[in-house]
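A structural walkthrough
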Amino acid sequence: MLSEFLDTSDEWIVPRTGIKTRQIVTDERFEELAALAGQRAIDAAGLVPEDIDFIICSNVVNCYVTPSLASLVQGLLGIKGPNCPTMDINSACAGFVYGLDICDAFLQTGRANRILYICAEEVTRMVDWTQRETAVLFGDAAGAMVLGKGDNMLSCKLTSTPMPDVIYYRLPCEATPYETGTGIDTHMPMQLKGREVFRMAVSSAQRDIKDVVAKAGLQLEDIDHFLLHQANQRIIDAIKQNFDLPAERFHSNIEKRGNTSSASIPVLLDEIIREGKVKRGDLMVFDGFGAGFVTSAAVVRY
Ligand code: ACO
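As the structure is a computational prediction, the values presented were derived from the model and not from experiment. (Residues numbered from 1 in each chain as written. Predicted model: local features only at pLDDT ≥ 70, side-chain atom pairs only at ≥ 80, totals over all residues. Heavy atoms only, no water.)

The subject of this paragraph is the domain arrangement of the protein. Looking at the protein, the domain boundaries give domain 1 (2–150) and domain 2 (155–301). In this structure, domain 1 and domain 2 have C-alpha centres spaced 15 Å apart. Contacts between the two partners involve 39 residues from domain 1 and, on the opposite side, 38 residues from domain 2. When the buried area of domain 1 at its contact with domain 2 is split by residue, C93, V97 and Y98 rank highest and sum to 20% of it. Taken together, the connections running from domain 1 to domain 2 amount to 1 salt bridge. Summed over the shared surface of domain 1 and domain 2, the number is 16 residue pairs in polar contact (both at pLDDT 80 or more). When contributions to the side of domain 1 that touches domain 2 are tallied by element, the ones reaching two or more residues are α1 (10–17), α4 (95–108), β3 (115–122) and β4 (140–147). Of all the elements, α4 adds the most residues to the side of domain 1 that touches domain 2, at 6 residues. Partitioning the side of domain 1 that touches domain 2 into residue classes produces 20 nonpolar, 11 polar and 8 charged. (Domains from an automatic or database assignment. Contact = heavy atoms within 4.5 Å. Buried area = accessible area lost by both parts, 1.4 Å probe. Salt bridge = Lys/Arg side-chain N within 4 Å of Asp/Glu carboxyl O. Polar contact = N/O pair within 3.5 Å; in protein donor to acceptor, adjacent residues only side chain to side chain. Helix = DSSP H or I, 4+ residues; strand = E, 2+ residues; numbered from the N terminus. Nonpolar A, V, L, I, M, F, W, Y, C, P; charged D, E, K, R; others polar.)

As structure tokens, then:
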């Protein structure tokens, strides 16, 4: 389908990325996709929307700059408020663990009891569909969970290193009679230094995974499941090669979904739980990296 309008082919895409299919928002509204994931998480928890007392969304781009995606989702789920605050976070492809850590902080301090946490991304709206370098890499997705207070988060690490030119997407703001034009206020579809991202992704993941496992007082062999941000199968393979561990502990769905930014880890988590690969008490490592350059990792007991 892509080669009908782009100078590309499966022969180029599959060996370089591992991606065979991806899902893309067409006639549905993106916030409805996010709300659907949220409703399914509430159903799976045996709850009703009114039980939720905080909604947090991890999201990079949607058509609304304001209100937040979390606020739009609240309306779609029929949660009337006012006692259910809402907010979005944007930590790019590392967003899942950034948001998880924020949820954990609110839960541990008793500021919230049941948080609906949704990672929803429409990455396919950030790329120029005439640029084969980026258009073939991404998919749209939403993954959600309901979180309550517990002791499941064993360790967590967040990092940020300002490198704004490695991955960015820029939208113009409204003109004013006073703004004189710096040249930065122009539209720029997603720009990506693929090889640089590749190197930084592999080195940061190797560092962060070792750090969070040590911080949790564990050995790498103790970890049952590694769920890495699904950016490229070759990145996952390169990270995996650095650890002398059974290959099946490193899960992947990039072949089916493409890169779905912060939604990639929660969607993968849902899939491996449904496939019966995870049992209560299993130890998991989550690891993400993305535009910023930001990275995040955590050890969680399921
Ligand atoms: N189809 C056919 N040819 C293509 C395509 C395509 N879709 N895209 C690029 N090419 C061509 C290029 O034009 C170039 O041609 P040239 O040699 O004639 O100049 C050639 O293929 C090689 O291009 P490279 O960009 O050097 O290819 P590379 O092997 O580095 O792979 C990729 C590119 C897949 C982006 C890789 O660098 C990568 O995976 N990077 C990191 C992951 C990433 O960037 N993910 C995106 C999101 S960021 C994130 O999630 C954190």
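A separate point is the environment of E121. Assignment of secondary structure puts E121 in strand β3. Sequence separation of E121 and G78 is 43 residues, and the distance between their C-alpha atoms is 22 Å. Apart from residues lying up to four places away in sequence, E121 is in contact with F30, S58, N59, V60, V61, A92, D140, A141, T260, S261, S262 and A263. Within the local environment of E121, its side chain forms a polar contact with the backbone nitrogen of V60, the two atoms lying 2.9 Å apart.

Let us look at the sheet that holds strand β8 (residues 225–228). Within the open sheet, the 4 strands sit side by side as β5-β10-β9-β8. Their pairing is mixed. Each edge of the sheet is formed by a strand with only one pairing partner; in this case those strands are β5 (153–160) and β8. Neighbour-to-neighbour, the strand axes of this sheet turn through a mean angle of 10°, independent of strand direction. The strands that helix α9 (residues 264–274) touches are β8 and β9 (283–290); relative to β8, the one it contacts most, it runs at about 145°. (Pairing = 2+ DSSP bridges. Axes fitted to C-alpha atoms, helices over the stretch in contact; angles between N-to-C directions.)

Moving on: the pattern of salt bridges. With the rule as written, the count across this model stands at 15 salt bridges. Here D211 and K157 are joined by a salt bridge, their closest N and O atoms 2.6 Å apart. Of this pair, D211 sits in helix α6 (residues 194–215) while K157 is found in strand β5, placing the two residues 54 residues apart along the sequence. Of the residues examined, K157 reaches a relative accessible area of 18% and is grouped as buried. D270 is the partner of R274 in a salt bridge, and the nearest nitrogen-oxygen pair spans 2.8 Å. Of the two residues, R274 and D270 are both situated in helix α9; the distance of 4 residues between them amounts to about one turn of the helix. Classification of R274 by relative accessible area gives exposed; the value is 65%. Taking the relative accessible area as the measure of exposure, D270 reaches 34% and is therefore partly exposed. (Buried < 20%, exposed > 50% of the residue type's maximum accessible area, 1.4 Å probe, protein only.)

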